[in-house]
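Residue strings, one per chain:
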Amino acid sequence: MTNPADIAASADTSTNDAVAQGGAYEVLRKRLADQGIRLRGIADALNTQRLQEFGDSKMEIAGRFRIRSEQNAVGRDIVQVGELLLFGYNVFLGLKSTTSVADVFGLYKLVETAEGYDVTPVDPAHSFLADPAFVRDFTELYAYYKEARLLQLLVKDSKLLAAFQIGADAKDVRVFRWNLSSTGEIGYIDARGERDISLPPPFDFEWIRATKDMEVSGRFPHLNILDTLFVETTGGDLTIKAENNTETGAGVYSEPVDDGTQSLDDAQFFFARVGSLILLKILPYRETAWRGLVFNTLTGKVTRLDAIVQACIQLPEDHGIIFPGGYYLQNGEHKAFDTAIQGMQYKRAIRSPNGEDVMYVFYQRESGQAALLVYNMIQRQLLPPTLAHGYARLADGRMVLFNAENDDPTRIHHMQVWKTPFVSEEFAASRPPSTTYLGRIGNAELVRAISNLYDLARDIEREDVSAQRYELLAHATRRLFDAHHWIDDEHSGGLATLLRQVAATGESVLDEFQKVLEIRRQADEALRKAQSDHRALVGRLQPEAWTQVQDFVDALNAISALRGRLLTIRDYRYIDTAAIDAMAQSLSAAHDGVGTATGAFLSSAKALTPFEQRLASLDEQAGKATTAKQLAEHIAGMQAMSADLDMLSELMASLKVDDATQRTQVVEALSGLYARLNQARARADLRRKTLGSAESVAQFGAQFTLFAQSIASALGMANTPEKADEQLSRLMVQLEELESQFGEHEQF
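Residues numbered from 1 in each chain as written. Predicted model: local features only at pLDDT ≥ 70, side-chain atom pairs only at ≥ 80, totals over all residues. Heavy atoms only, no water.

1. A look at the overall build of the chain
For the chain, the helix and strand inventory stands at 14 helices and 30 strands. In the chain, which comprises 748 residues, the proportion classed as buried is 44%. As displayed, the chain offers around 38,800 Å² of accessible surface, 51% of which is attributable to carbon and sulfur atoms. (Helix = DSSP H or I, 4+ residues; strand = E, 2+ residues; numbered from the N terminus. Buried < 20%, exposed > 50% of the residue type's maximum accessible area, 1.4 Å probe, protein only. Areas by Shrake-Rupley, 256 points an atom, 1.4 Å probe, with all protein chains shown as cover.)

Written as structure tokens, this is what we have:
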């Protein structure tokens, strides 16, 4: 048995695309995962007790045997009639002019021996096949229709039906009917059972055709399906959108169509809502094959499943849908088996009395082949299809399966005996009732409950996260108390307490998840802005076309600034660090390339001329400034120029230049420019102090005059001790403000 602690440790270390380490959300998510492990453990224990109480219901082969026919024949079908097996086949008579009942039907009794299974032939002359009315109708059938052939045997609604094809089409049939009484007697009715043999509807829901009034006009028009999906086949592809946006042709799913010029009115659209699933049946213009698609409103994903067009049935308890060769569950899990199912239609569903399994039979009338699909309610899984040309159900659940290997006539027909949970109602009722706790609850109720518990555990274990998922998780947990009244019982192993904890944790996770969504939104926005700036910057890096040193300087500054921003946002939670690292690596390579180009450019004689001209202009404007504010702008320009020179100096220090003379010339030129810049900045600072002193004297005089007036006003208002204290406090505040403004000037 797996150690729950090991499972919990593994869950804690698993990578979740939406979850990083640390934070309240992650703590709650890990707590929920641990509760899911405990829930699965309780469900396993409960299911083990159920199996001990009611037995297992696995499907497995119990044995094999062979049936020998008198003539070479192609086996067609087999059914159980009372205690006998009725095997039908189409015989090739050669020179024989008439066909008798024994040429088409064989009766056998299944026997189990120490070596396995075998059959004992039963003389049809002493059975229901010897009924004179049936023999007369059978003889007339082959007299009028020489090409008649057995099509199908079926036990349905206490009747035995034998269908014969009498025309070129498999729908042209003559059906013999027998009545099967509860006492075991079999009586022939007539040869008019065509209605009894008809297949049930291939769908247990209604397809709705999309009409013109569902169309939403725009640049990319589409059809509004239930205000949830938006579908169109224009522009060369079939597109499904989750947003009602006609300004874009993109959606959550797209696939090409044959005719790229078709309009929205040319294609045919049908839809159906089945639980959280929206089924689509679409025939694009000038195409002959219908396309089947399933949209899951919980996951937002679209899956192509063409088999739902030919037949589709809802699974019990709103689990999902089943179709020839596969299934699709409400939670998005689906599977389609690679099995020959073309043209198969839904025939019937058989539920096991224990409620754990349901067998769906899909049938192809022309070939006579059936696909048996067994769905397990607890595991919510479909077993691989079992193909057979006929199957006979015995009361104790055993099933005899016949599958013709080919269409060649033979006298040896191989059969399989399967052990299944599909016992008859009478056989299940003959078992004495149990008086234990689980026996009083009942196997069918336990199956539903354990299935719901396993499904809840699977929902907790799912990797994808969304607000809708956690909301449904909490709702489904609380709904279990209404669906299964016995959960609160002490025999349930603390299930009720755990479910309440799961519901509470799910609601707490939902609250924290809303906060995480906002953090993720900010991280995604920062990443998109960085990616946009990165693309724009890399796109304009063309050093071979630059003619001014300032172009190189601006580019290097922009690269450094963006690299610094990437370092900052890399620490954001939930951000894509791989994308950040890729951009950082790209910028590093770009910085090296621009740096090398800058070194080569600086080696030219006139490379620093723009800096010299800029410095001369700043020095001249600083000398002409008449106010401290104007002078401050020019000093700021000198400081920016100093930063540019610092960057160039650092670049030259790290740049690998093979020509030492060239490096020396550039460094000396930068040093000379530095010296002149420092001299100009010193002159500007001296002039700033001079202008600032004169301006400060004038400003101080005005402020002090105002302060003197305030003193005079305060003396006039201080007519009581309380008011005197109030005015004194106000004057002290004004005096402190004067000191803060002019304290740095010594003359004040």
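2. Concerning the confidence of the model for the chain
Per-residue confidence for the chain gives a mean pLDDT of 83, with 89% of residues at or over 70. With pLDDT under 50 throughout, residues 1–22 is counted as low confidence; its partners more than four residues away or in other chains account for 23 contacts. (pLDDT = per-residue confidence, 0-100. Contact = heavy atoms within 4.5 Å.)

3. What about the pattern of salt bridges?
Inspection of every chain in the model, using the stated rule, returns 26 salt bridges. Of the charged contacts, one joins Arg177 and Asp190 as a salt bridge, the two residues approaching to 2.8 Å between their closest N and O atoms. Of this pair, Arg177 sits in strand β7 (residues 173–180) while Asp190 sits in strand β8 (residues 186–190); the two residues are 13 residues apart in sequence, bridging distant segments of the chain. For the pair formed by Arg177 and Asp190, the shared burial category is buried. Within the structure, one salt-bridge network assembled from shared partners comprises Glu255, Glu287, Arg291, Arg304 and Asp306. (Salt bridge = Lys/Arg side-chain N within 4 Å of Asp/Glu carboxyl O.)

4. Considerations on the sheet that holds strand β20 (residues 320–323)
One open sheet holds the 4 strands; their spatial order is β19-β20-β21-β22, and the pairing between them is antiparallel. Whereas interior strands pair on both sides, the edge strands pair on one side only; in this sheet they are β19 (313–314) and β22 (334–336). Two elements, β19 and β20, share 2 bridges in a ladder whose sense is antiparallel. Directly across from Gln314, in β20, lies its bridge partner Ile321. (Pairing = 2+ DSSP bridges.)

5. Some words on helix α9 (residues 549–569)
Between its first and last C-alpha atoms α9 spans 31 Å; for 21 residues at 1.5 Å apiece the expected length is 30 Å, and the two agree. If you check which residues of α9 are buried, you get Val549, Phe552, Val553, Ala555, Leu556, Ile559, Leu562, Leu566 and Ile569. (Expected span 1.5 Å × (residues − 1).)

6. Looking at unusual backbone geometry
In the Ramachandran plot, Ser158 falls in the positive-phi region, its phi being about 60° despite a non-glycine side chain. Mapped onto the fold, Ser158 is located in the loop between β5 (149–156) and β6 (159–165). With a relative accessible area of 45%, Ser158 lands in the partly exposed category. Positive phi, normally seen in glycine, also occurs at Asp227, with a value near 55°. Topologically, Asp227 is positioned in the loop between β11 (222–225) and β12 (229–232). Owing to a relative accessible area of 65%, Asp227 belongs among the exposed residues under this scheme.

7. Concerning the sheet that holds β5
Spatially, β5-β6-β7-β8 is the arrangement adopted by the 4 strands of the open sheet, whose pairing is antiparallel. The open sheet has two edge strands, β5 and β8, and neither has a second partner. Sheet twist, expressed as the mean angle between neighbouring strand axes with direction ignored, is 20°. With 7 bridges joining them, β6 and β7 adopt antiparallel strand pairing. Counted as the bridge partner of Lys159 is Asn179 from β7. Packed on one face of the sheet, helix α3 (residues 132–144) meets β5, β6, β7 and β8 and runs near 170° to β7. (Axes fitted to C-alpha atoms, helices over the stretch in contact; angles between N-to-C directions.)

8. A few points about the pairing of β11
As judged from the 2 bridges shared by strand β10 (residues 215–216) and β11, these two strands associate in the antiparallel manner. Paired with Glu215 across the bridge in β11 is Leu223. Connecting β10 to the next strand, β11, in antiparallel fashion are 5 residues. In terms of strand pairing, β11 meets β12 through 3 bridges, oriented antiparallel. Bridge assignment links Ile225 to a residue of β12, and that residue is Leu229.

9. Examining the packing of helix α7 (residues 467–483) against helix α8 (residues 495–539)
Describing two packed helices takes the angle between their axes plus the distance from one axis to the other. Where α7 meets α8, the closest approach of the two axes is 9 Å, and the angle between their N-to-C directions is 160°. By the criterion of interaxial angle, the relationship of α7 to α8 is roughly antiparallel. The way α7 lies across α8 gives a crossing that is left-handed. Every residue of α8 that contacts α7 at Ala467, Tyr470, Glu471, Ala474, Thr477, Arg478, Leu480 and Phe481 is listed here: Ala496, Leu499, Arg500, Val502, Ala503, Ala504, Gly506, Glu507, Val509, Leu510, Phe513 and Gln514. (Parallel < 35°, antiparallel > 145°, perpendicular 65-115°, else oblique. Left-handed = near helix turned anticlockwise from the far one by under 90°.)

10. Notes on a nonpolar patch on the surface
On the surface, a nonpolar cluster with roughly 270 Å² of combined accessible area is contributed by Leu728, Met732 and Leu735. Tracing the chain through its elements places Leu735 in helix α14 (residues 721–742). Using a relative accessible area of 37% as the deciding quantity, one classes Leu735 as partly exposed. (Patch = residues over 30% accessible without salt bridge, like charges linked within 9 Å, V, L, I, M, F, W, Y side chains within 5 Å.)

11. Looking at the environment of Arg565
By the secondary structure assignment, Arg565 is in helix α9. The exposure class of Arg565 is partly exposed, given its relative accessible area of 31%. Spatially, the C-alpha atoms of Arg565 and Ala584 are 10.0 Å apart, while their sequence positions differ by 19 residues. Leaving out residues up to four positions away in the same chain, Arg565 has contacts with Lys529, Ala530 and Asp533.

12. Overview of the nonpolar core
If you look at the biggest cluster of nonpolar residues, it comprises 71 residues, and the most contacted ones within it are Leu39, Leu279, Ile308, Ile321 and Tyr360. Contact partners of Ile321, with chain neighbours within four places excluded, come to Val274, Leu277, Leu279, Val294, Ile308, Cys312, Ile313, Gln314, Leu315, Tyr327 and Tyr328. Met583, Leu631, Met638 and Ala680 belong to the second-largest nonpolar core, a separate cluster that totals 41 residues. (Core = buried A, V, L, I, M, F, W, Y, C linked by side-chain atoms within 4.5 Å.)

13. Looking at the packing of aromatic side chains
This structure, assessed with the given rule, holds 22 aromatic pairs. With a centroid separation of 5.6 Å and 65° between ring planes, the pair formed by Trp178 and Tyr188 is classed as edge-to-face. Here Trp178, found in strand β7, pairs with Tyr188, found in strand β8; they are 10 residues apart in sequence, far enough to count as distant. In this structure Tyr188 comes out as buried when scored by relative accessible area, which is 14%. Here the aromatic cluster, defined as three or more aromatic residues joined through ring pairs, consists of Phe105, Phe128, Phe134, Phe138, Tyr142, Phe164, Phe176, Trp178 and Tyr188. Here Lys347 stacks its cationic end above the ring of Tyr363, 4.6 Å away from the centre of that ring. (Phe/Tyr/Trp six-rings, centres within 6.5 Å; stacked < 30°, edge-to-face > 60°. Lys NZ or Arg CZ within 6 Å of the ring centre and 35° of its normal.)

14. Comments concerning the packing of helix α6 (residues 443–461) against α7
α7 packs onto α6 with a crossing angle of 160° between their chain directions and a minimal axis gap of 11 Å. It follows from the interaxial angle that α6 and α7 lie roughly antiparallel. The two elements α6 and α7 cross, and the hand of that crossing is left-handed. Here Glu445, Asn452, Leu453, Leu456, Asp459, Ile460 and Glu461 of α6 come into contact with α7, specifically with Arg469, Leu473, Thr477, Leu480 and Ala483. Residue composition of the contact of α6 with α7, by class: 6 nonpolar, 2 polar and 4 charged. (Nonpolar A, V, L, I, M, F, W, Y, C, P; charged D, E, K, R; others polar.)

15. Notes on the environment of Gln416
As for its placement among the helices and strands, Gln416 is situated in strand β30 (residues 410–419). Since its relative accessible area comes to 25%, Gln416 is described here as partly exposed. The sequence separation of Gln416 and Phe402 amounts to 14 residues, and the corresponding C-alpha distance is 6.6 Å. Those residues within four positions of Gln416 in sequence are excluded, and the remaining contacts are Ile61, Gly63, Arg64, Met399, Val400 and Leu401. Engagement of the side chain of Gln416 in a polar contact is seen with the side chain of Trp418, the distance being 2.9 Å. (Polar contact = N/O pair within 3.5 Å; in protein donor to acceptor, adjacent residues only side chain to side chain.)

16. Details of the environment of Val135
Positionally, Val135 belongs in helix α3. The class for Val135 is partly exposed, based on a relative accessible area of 30%. For the pair formed by Val135 and Val101, sequence separation is 34 residues and the distance between their alpha carbons is 7.2 Å. With sequence-adjacent residues up to four places away left out, Val135 is seen in contact with Val101, Leu129 and Ala130.

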